[in-house]
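Structural characterization, general
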Amino acid sequence: MEHATDLSPPAPPGEGPAEPADDLLAELSAGPSAALSAEASPSARWTETGRRPLTSPVLWLVLLVLTYITVFGTLTYRQQSNYGTFGFDMGIYDQGFWLVSHFKTFDTIRGLAFFGQHVNVIALAFVPAYWLGAGPHFLLVVQTVWMALGAVPIWLVGRDRLNSPWLPLGISAAYLLYPTLEWTNSWMFHPDALMATPLMFAYWLATRKRWKWFWVATAVTLSCKEDAGLAVLGLGVVLWLKLHERAWGIITAVTGAAWFLICTKLIIPLANGGGQPFYVNLFPVYGTTMPEIIKNLIFHPSRIWGQLTSHTGWSYYGRSLLPVALLSPLSPSVLLIAGPQILVNTMCANGYTRNLQSGAYYNTIVVAAIFLATVEACARQGKTPALKGFMVGTI
């Protein structure tokens, strides 16, 4: 029994059929197995028994993800069991999620109302589990699985852009081996770590013009933390400049910016009794209030330029880009997704945001942008299949 897949670009809005959930699930599950079916050998197709042969790229993707989950699921579970975590930050979120599930707010570890520190709306999704007695081990397992699934949108984007179901497996493997990702996973639980996977799915869905599902992925991304608004702002710019989706790009950018402002100017101050976000004090060179910081960035750009081009800045960029063979800058427009976050991390007086080990979770958005840009760079610069393969091989 043979299955062929249509890899032609999706129809423009208004010219194609509706996009029910079944269509998207079919595209995720059945589509990749027969990519480039005209050239596929019999061994790459379904067998008569209906089982996927070992030559299926989907099977290898699943094996990569499961291997990562097994390794890091075991390591983080044992770390918690052997008292290898502590109040900052494992205790903050374990207590915070418990508080939310019991309709309480004040986090005694942080000394703030839970939503007065960060706006982690994603906590609501964990409420049923906490009603059933979930705790740190559960958070670590969810984080590991969630982060591992980031290999899927990377593979999907690569399958479409590289015209091959095999080449993007190398990039997905590089993602799962990426040091910053693994440090993020190992350094206790943070809602920040959950942002990358839905953000990358949102990008892929935008390239396929699956706008209903795009907004679902975008909403999940925004629910993780207020910082996600900056990433969605950058994503909107990319939709406009790279994907030429002007209307959707503007709507997405405005949505991201609006969410960031609502969180930092309304939700956090209300939770803190009128106080501004605590991290505003981490930018003393630029001011002590958010309007003052923004004003200095606009009227005194030399200040930030000095930090961006400092030795510390270049070291930060190098440690982020070298694991992907410096390929992602070859697609600079996609890196704009991480532009605001890179700016924040570089400006911050606390070097923790540039520490890619214990502070790796501050770079979750950056990791997502780097790998999406790496896929696009391989597609853009790889003029032949051989060159594409060489570029993926260098990673």
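Look up a bit, the structure's there.
A short tour of the structure in this document, coming up. (Residues numbered from 1 in each chain as written. Predicted model: local features only at pLDDT ≥ 70, side-chain atom pairs only at ≥ 80, totals over all residues. Heavy atoms only, no water.)

1. Regarding the overall build of the protein
Helices and strands together make up the secondary structure of the protein, namely 20 helices and two strands. Looking at the protein as a whole, 49% of its 395 residues qualify as buried. Expressed as a percentage of contacts within the protein between residues at least 6 apart in sequence, the contacts between residues at least 24 apart total 71%. Summed over its atoms, the accessible surface of the protein is roughly 17,800 Å², and 68% of this surface lies on carbon and sulfur atoms. (Helix = DSSP H or I, 4+ residues; strand = E, 2+ residues; numbered from the N terminus. Buried < 20%, exposed > 50% of the residue type's maximum accessible area, 1.4 Å probe, protein only. Contact = heavy atoms within 4.5 Å. Areas by Shrake-Rupley, 256 points an atom, 1.4 Å probe, with all protein chains shown as cover.)

2. Details of the packing of aromatic side chains
Overall, the coordinates contain 24 aromatic pairs when judged by the stated rule. Judged by centre distance (5.0 Å) and plane angle (40°), the rings of F97 and F126 are tilted. Of this pair, F97 sits in helix α3 (residues 87-101) while F126 sits in the loop between α4 (114-117) and α5 (127-131), placing them 29 residues apart in sequence. F126 carries the same exposure label as F97, and that label is buried. With centroids separated by 5.1 Å and ring planes inclined at 90°, the aromatic side chains of Y178 and F371 adopt a geometry described as edge-to-face. Of this pair, Y178 sits in the loop between α8 (167-177) and α9 (179-186) while F371 is found in helix α19 (residues 364-381), placing the two residues 193 residues apart along the sequence. In this structure, Y178 and F371 share a single accessibility class: buried. Aromatic ring contacts, followed pair by pair, group Y93, F97, F114, F115, F126, Y130, F138 and F189 into a single cluster. (Phe/Tyr/Trp six-rings, centres within 6.5 Å; stacked < 30°, edge-to-face > 60°.)

3. Topic: the side chain of E182
The topology assignment puts E182 in helix α9. Although E182 is buried, it forms no salt bridge, and the closest oppositely charged side chain is R319 at an N-O distance of 15 Å. Beyond its immediate stretch of four places on either side in the chain, E182 contacts Y68, F72, L176 and L177. (Lys, Arg positive; Asp, Glu negative; His and termini not counted. Salt bridge = Lys/Arg side-chain N within 4 Å of Asp/Glu carboxyl O.)

4. Examining the pattern of salt bridges
The tally for this structure, following the rule as stated, stands at seven salt bridges. Between E245 and K209 there is a salt bridge, and its shortest N-O distance comes to 2.3 Å. Placement of the pair is E245 in the loop between α12 (228-241) and α13 (246-271) and K209 in the loop between α10 (196-207) and α11 (211-224), with a sequence separation of 36 residues. The class for E245 is buried, based on a relative accessible area of 11%. Here D227 ties to K225 by a salt bridge, and the two come within 3.5 Å at their closest N and O atoms. Residue D227 is classed as buried on the basis of its relative accessible area of 14%. Among the charged side chains, a salt-bridge network with shared partners connects R159, D160 and R208.

5. Focus on the packing of α8 against α9
Viewed as axis vectors pointing N to C, α8 and α9 meet at an angle of 45°, and their least axial separation amounts to 5 Å. Compared by their axis directions, α8 and α9 come out oblique. Two secondary-structure elements touch here, α8 through Y175, L176 and L177 and α9 through P179, L181 and E182. When the residues that make up the contact of α8 with α9 are grouped by side-chain class, the tally is five nonpolar, no polar and one charged. (Axes fitted to C-alpha atoms, helices over the stretch in contact; angles between N-to-C directions. Parallel < 35°, antiparallel > 145°, perpendicular 65-115°, else oblique. Nonpolar A, V, L, I, M, F, W, Y, C, P; charged D, E, K, R; others polar.)

6. Observations concerning the nonpolar core
Counting residues in each nonpolar core, the largest one holds 90 residues, and the members touching the most others are F97, F126, Y175, F189, I337 and F371. For this core, the element with the most residues is α19, which contributes twelve residues. Look past the residues within four positions of Y175 in its chain and what remains in contact with it is M147, A148, G150, A151, I154, L181, T197, M200, V367 and F371. Core analysis: the next-biggest nonpolar cluster, separate from the first, contains ten residues, L230, V280, I293 and M347 among them. (Core = buried A, V, L, I, M, F, W, Y, C linked by side-chain atoms within 4.5 Å.)

7. Thoughts on α11
Taking 1.5 Å of rise per residue, the 14 residues of α11 would be expected to cover 20 Å, and the 20 Å separating its terminal C-alpha atoms lies within 8% of that figure. All buried positions along α11 are accounted for by W211, F214, A217, T218, T221, L222, S223 and C224. Where the residues of α11 are buried, they touch α10, α12 and α13. (Expected span 1.5 Å × (residues − 1).)

8. A short note on the layout of surface pockets
Taken as a whole, the largest pocket spans an internal volume of roughly 1,000 Å³. Forming the boundary of the largest pocket are 38 residues, of which D227, F260, Y279, F283 and V344 lie nearest the centre. Only α3, α12, α13, α14 (290-299) and α18 (339-347) provide two or more residues apiece to the lining of the largest pocket. Looking at the lining of the largest pocket residue by residue, the classes come out as 26 nonpolar, seven polar and five charged. (1 Å grid on protein atoms, 1.4 Å probe; cavity = no way out; pocket = protein on both sides within 12 Å on 5 of 7 lines; lining within 4 Å. Points joined across faces, edges and corners; volume = space filled by probe spheres on them.)

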